[in-house]
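A look at the structure
These are the residues of each chain, in order.
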2 protein chains.
Amino acid sequence: MDDVPHDQPVPTLADVARAANVSTATVSRCLNSPDRVVRQTRERVLKAVSDLGYAPNFGARALAARQTHTIGAIIPTMENAVFARGIQAFQEELVRHGKTLLIASSAYDETLEAEQIRTLVARGADGLLLIGYHRETEVYEFLRKRSVPSLVAWSFDAAHEQPAIGFDNVNAMAALARLVIRQGHRKIACISAPIATNDRARGRVAGIRLAMSEAGLDADALILTQTPYDIENGEKAFRDIRARAPETTAVMCVNDVLAIGALRSAREMELRVPEDISVTGFDDLEIALLAEPALTTVHVPHREMGRRAASMLIQLVKSREVRESVELPTDIRIRRSLGPVP
Amino acid sequence: MDDVPHDQPVPTLADVARAANVSTATVSRCLNSPDRVVRQTRERVLKAVSDLGYAPNFGARALAARQTHTIGAIIPTMENAVFARGIQAFQEELVRHGKTLLIASSAYDETLEAEQIRTLVARGADGLLLIGYHRETEVYEFLRKRSVPSLVAWSFDAAHEQPAIGFDNVNAMAALARLVIRQGHRKIACISAPIATNDRARGRVAGIRLAMSEAGLDADALILTQTPYDIENGEKAFRDIRARAPETTAVMCVNDVLAIGALRSAREMELRVPEDISVTGFDDLEIALLAEPALTTVHVPHREMGRRAASMLIQLVKSREVRESVELPTDIRIRRSLGPVP
DNA sequence: GTAGACAATGTAAGCGCTTACACGGACCTG
DNA sequence: CAGGTCCGTGTAAGCGCTTACATTGTCTAC
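Here is a short report on the structure shown in this document. Note that the structure is a prediction, hence the values are computed from the model and not measured.

The helix and strand inventory of chain A stands at 13 helices and 12 strands. In summary, chain A has a C-alpha radius of gyration of 26 Å against a globular reference of 20 Å for 342 residues, an excess of more than 25%. Dimensions of chain A, computed from the C-alpha atoms along their principal axes, are close to 85 × 40 × 35 Å. Burial status across chain A gives 49% buried among its 342 residues. For chain A, long-range pairs separated by at least 24 residues make up 68% of all intrachain contacts whose partners lie at least 6 apart in sequence.

Turning next to the environment of Thr26(B). Residues and elements named next belong to chain B. Along the chain, Thr26 turns up in helix 2 (residues 24–32). We classify Thr26 as buried; it has 20 C-beta atoms within 10 Å. Each C-alpha atom, one on Thr26 and one on Thr41, is 8.6 Å from the other, the two residues being 15 residues apart in sequence. When near neighbours in sequence (up to four residues on either side) are disregarded, Thr26 contacts Val37, Thr41 and Val45.

Take the relation of the copies chain A and chain B next. Of the two same-sequence chains, chain A is brought onto chain B (RMSD 0.4 Å, axial shift 0.2 Å) by a rotation of 180°. In the structure described here, the two chain copies are related by an operation that fits a two-fold rotation axis. Residues of chain A ranked by C-alpha distance from the rotation axis are headed by Gly59(A), positioned 2.0 Å from it.

Around DNA strand C lies a shell of 28 residues, among which Leu13(A), Ala25(A), Ser28(A), Ala64(A) and Ala25(B) are the nearest. Looking at the surface near DNA strand C, the elements that each hand over two or more residues are helix 1 (13–20), helix 2 (24–32) and helix 4 (58–65) of chain A together with helix 2 and helix 4 (58–65) of chain B. It is helix 2 of chain A that provides the largest number of residues to the surface near DNA strand C, a total of 6 residues.

Moving on, we get to the protein's contact with DNA strand D. Among the 27 residues in the neighbourhood of DNA strand D, the closest are listed as Ala25(A), Leu13(B), Ala25(B), Ser28(B) and Ala64(B). Put simply, the parts of the chain that give the surface near DNA strand D at least two residues each are helix 2 and helix 4 of chain A together with helix 1 (13–20), helix 2 and helix 4 of chain B. Sort the elements by how many residues they give to the surface near DNA strand D and helix 2 of chain B lands first, with 6 residues. Of the residues contributing to the surface near DNA strand D, the split by class is 15 nonpolar, 9 polar and 3 charged.

What follows is about the interface of chain A and chain B. With 45 residues of chain A in contact, the opposing surface of chain B contributes 46 residues. Counting residues per element, the ones that place at least two in the side of chain A that touches chain B are helix 4, helix 5 (81–96), strand 2 (100–105), helix 6 (110–122) and helix 12 (286–290) of chain A. Considering every element that reaches the side of chain A that touches chain B, the biggest residue donor is helix 5 of chain A, with 8 residues. A class-by-class count of the residues in the side of chain A that touches chain B yields 23 nonpolar, 11 polar and 11 charged. Looking at chain direction, strand 2 of chain A and strand 2 (residues 100–105) of chain B are connected through 3 bridges and run antiparallel.

Residues and elements named next belong to chain B. Where burial is concerned, most of strand 3 (residues 127–131) is hidden: 5 out of the 5 residues are buried. Side chains of strand 3 alternate between two faces, with Gly127, Leu129 and Ile131 and Leu128 and Leu130 buried alike. Note: strand 1 (residues 70–75) against strand 3, 4 bridges, orientation parallel. Of the residues in strand 3, the one forming a bridge with Ile74 is Leu130. Here strand 3 pairs with strand 4 (residues 150–153) via 4 bridges, running parallel. Residue pairing for strand 4: Leu129 is matched across the bridge by Leu151.

So, on to the environment of Leu210(A). Residue and element names in this part refer to chain A. With respect to the helices and strands, Leu210 occurs in helix 9 (residues 199–214). A count of 19 C-beta atoms within 10 Å places Leu210 in the partly exposed class. Along the sequence, Leu210 and His185 sit 25 residues apart, while their C-alpha atoms lie 15 Å from each other. Setting aside residues no more than four positions away along its own chain, Leu210 makes contact with Val170 and Ala174.

What counts and how
Residues numbered from 1 in each chain as written. Chains lettered and ligands numbered in written order. Predicted model: local features only at pLDDT ≥ 70, side-chain atom pairs only at ≥ 80, totals over all residues. Helix = DSSP H or I, 4+ residues; strand = E, 2+ residues; numbered from the N terminus. Rg over C-alpha atoms; globule rule 2.2 N^0.38 Å. Buried ≥ 20, exposed ≤ 12 C-beta atoms within 10 Å, placed from the backbone. Contact = placed C-beta atoms within 7 Å. Least-squares fit on C-alpha atoms with pLDDT ≥ 70 in both. Near = placed C-beta within 6 Å. Nonpolar A, V, L, I, M, F, W, Y, C, P; charged D, E, K, R; others polar. Pairing = 2+ DSSP bridges.

Shown next as structure tokens:
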């Protein structure tokens, strides 16, 4: 005890082994497969571990075991409550399985997303959670080459063989659009996120068109505005629509945030919702219920999706097998913001 | 798991070295300090790197360099928009500096938080972002021993020497409480998060008491309800308060979410806000503006805090120096939900 | 022309862990 | 009781990288 230099000697496996008077292999086994070590030894080792305050060095472990027990997720932004919620559940489930979460955001930018994917792979993510299918083939190719399994969430399309968990954006929105049409609306507008790189938005818009065609309406007559995710942008888009197509009686938004903006705009313009014009959303965030009038929207089980995404991804990493994708149900929440055509 | 055929052997440093006909040291230098290698060689190496699609193995790098370029954050939950927003900014800034973010959540549970801190340290986080000061001494001790720098956010208290970035919860809330008192309110109640392990909430409650004392009111007369973060809990708490202390004329909530619940409860009970009773929040989320009536609350620059927290932490990791903590200003947003005492 | 300085690169020793294989003893079987 | 099993543990070879130190070559100063 007298010749100890007073630095911060972070204890290593070897220190524990010495203290417990066993080999490093035994210590390692105690930690990783305790049942392969006899009880007496194990207790001795575990005591040494806690006495020394030992914690395995992650880098070394990753290097030797070729597994990081780390899962990466690249999401557009956490400021979207939808993702915040899903990711929270995702992370909780991951922790339950002893994994940790490496997170990055793409800000809805395709190039940035590809970059982040590469970064997380280089950081040793064992598997990746991605939002939506849309990305360059090379990215998928890269993932395949490095054999990093990935799971797409928030989208589901039976046509893709890429593992996914999500809901059918087209049908979910089509169901809502049918309802809108059944209320007599013929002049429909849509406020969407930019659809070029966002297949969720694209699907939802397609859903509206689908329902319109079914009802014998001209799907091309749909007034479409694209704008980034943001309440203010929703407001502005609504004003645009009123200017471009004042005859519009229903404005369907691809998410609740844009819809809230639309609602606010309507109030400013002294339009009554739903008497003068109907508005719908998508996601069913708390604000949908809070809004005045309450927003008719599509309810999506974000938390459940996050939780199940985690187990699927863990499974994927373990077995490397492409398991079936899962489609989650959505349901429509009918509230005051949707009414019959004036 | 061991019978998986390694389809595409991931290229290593040695492969690159061979392809470029140099030593591994040179390749490493090309990647880490390019100016220490002559241009011609460097180009040859870089070509080999891209030809082979080489990306450094993270574990090995971490092991050899004793740096992971990874920052950990432990937050209560991402479902709280306040944290989601701050963390988003935090992450963006981190990426700008080539760091990645390891994330964990504590669910407002002290024990779980301590566990997560240990996990992230074991995972090799170079530095840690923590929310609030409150945690066991041993945790700080552990961090010190492992010499992992940490930064506290969302709180600021000049009395602590722990580096922090945040605002003064006591004074921010006291300022709002003074306003409430100036409106004539004497019977004040507070809906708080559980204060035992949450110093932000504790500070805010203390702020109300401070303002009460200053005004010659009995600070102990403050009706205090504690409940977890959630709209429904806010509703319930409001009902409790009405039952316990019907003479209350102002309900101050420690965050907007609880306040929204209170507002909703008030509406259900057919109380007019602010004519019959006033309600205030804290945070200034979007919902504060959306609420009916709009919520008087304390505005906090969450994004800026996240962004600056990132730079501070990076600095801390680099220099290991305790730099000055920073206090961010807050300001009060006066809206309809606060009115004069009935 | 030679010593010394310096720049560019190579050599090789780890970093802390996992794990294939080796080893010895306890226990069975015939 | 010899031979075979099995079980618990030890030995030691890497995992892919960084970096201190060694080596070689080039240039300058006298």
